[in-house]
Amino acid sequence: MTSERLLEEAKKARKKSYSPYSHFAVGAALLTADGDLFTGCNVENASYGATCCAERVALFSAIAAGKTDFRALAVVGGKAGKEPVELCPPCGICRQALSEFCPAEMPVYLCDREGLKAFRFGELLPLTFSTKQLENED
Ligand code: THU
């Protein structure tokens, strides 16, 4: 799947955003190693802390479907009902959640008023916290 197509899927998912509190709509599309696509939108709540970001909705849907191997992510966000103006990079919590499964070289496609911009996941979250080191201990 092309980067442009993945971005289109994120834009499509963004239309489903439930964001009556922030009026900030986000969509995410996650591509698996076997070519499946999982999308998500942000889902807000009157108890604001119960809100879940679009990226984690997509990630957790994929995990629940048994997919743990990812190849690319696209995220689009901005004022609900408007075209995206600024890049909407994943928040810190989503970066940490994604880091459990996504390799540093995985492309992350974002979009601003000029169009698509490509990053690597490792650029977004360098020096990642992990407990994988414990696997090597006795
Ligand atoms: N949001 C996301 O969906 N993804 C991000 O990476 C950043 C923030 C959502 C959460 C909330 O519904 C709205 O954007 C404003 O913070």
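So, here is what we can say about the structure in this document.

1. Things to note about the environment of Ala 58
Looking at where Ala 58 falls in the secondary structure, it is placed in helix α2 (residues 54-64). Sequence separation between Ala 58 and Thr 131 is 73 residues; the distance between their C-alpha atoms is 24 Å. Excluding residues within four positions of it along the chain, Ala 58 makes contact with Ala 28, Leu 30, Phe 38, Thr 39 and Gly 40.

2. Here's the deal with the pairing of strand β5 (residues 115-120)
The pairing of strand β4 (residues 107-112) with β5 spans 6 bridges and is classified as antiparallel. Looking at the pairing, Tyr 109 lines up with Ala 118 of β5. Hairpin connection of β4 to β5: 2 residues between the antiparallel strands.

3. Quick notes on α2
The set of residues buried in α2 consists of Ala 54, Glu 55, Arg 56, Ala 58, Leu 59 and Ala 62. Looking at the buried side of α2, the elements it contacts are β1 (24-32), β2 (37-41), β3 (70-79) and α3 (92-99).

4. What about helix α1 (residues 3-14)?
Look at α1: 16 Å from first C-alpha to last across 12 residues, which is about the 16 Å you get at 1.5 Å a residue. Taken as a whole, α1 has its buried residues at Leu 6, Leu 7, Glu 9, Ala 10, Ala 13 and Arg 14. One face of α1 carries all of its buried residues, which in axial projection span an arc of 155°. Residues of α1 that are buried in the fold lie against β1, β2, β3, β4 and β5.

5. Points about the pattern of salt bridges
Applying the stated criterion to the full structure yields 9 salt bridges. Between Lys 11 and Glu 8 there is a salt bridge; the shortest N-O distance is 3.9 Å. With Lys 11 and Glu 8 both in helix α1 and 3 residues apart, the pair spans about one turn of that helix. Residue Asp 36 pairs with Lys 67 through a salt bridge whose shortest N-O separation is 2.9 Å. Of the two residues, Asp 36 is situated in the loop between β1 and β2 and Lys 67 in the loop between α2 and β3; the sequence distance between them amounts to 31 residues. Note on Asp 36: relative accessible area 32%, which makes it partly exposed. Among the residues examined, Lys 67 registers a relative accessible area of 19% and is labelled buried. Ionic contacts of the salt-bridge type, sharing partners, join the residues Arg 5, Glu 9 and Lys 12 into one network.

Parameters at a glance
- Along each chain, residues carry numbers from 1 onward, in the same order as the chain's sequence is written.
- Confidence filtering applies because this is a predicted model: local features only for residues at pLDDT of at least 70, side-chain atom pairs given and counted only at 80 or more, and all residues used for totals across whole chains, interfaces and linings.
- Note: side-chain values were computed over all heavy atoms of the structure, leaving out hydrogens and water.
- To qualify as a helix, a DSSP run of H or I must reach at least 4 residues; to qualify as a strand, a run of E must reach at least 2; elements of each kind are numbered from the N terminus.
- Whether two residues are in contact is decided by their heavy atoms, any of which lying within 4.5 Å being enough.
- Here the rule is simple: two strands pair whenever DSSP picks up at least two bridges between them.
- Exposure classes here rest on a 1.4 Å probe applied to the protein chains alone. A residue is buried below 20% of its type maximum, exposed above 50%, and partly exposed in between.
- An expected span of 1.5 Å times one less than the residue number is assigned to each helix.
- Here, the arc refers to the directions that run from the helix axis to the C-beta atoms.
- Any Lys or Arg side-chain nitrogen found within 4 Å of a carboxyl oxygen on Asp or Glu counts as a salt bridge.

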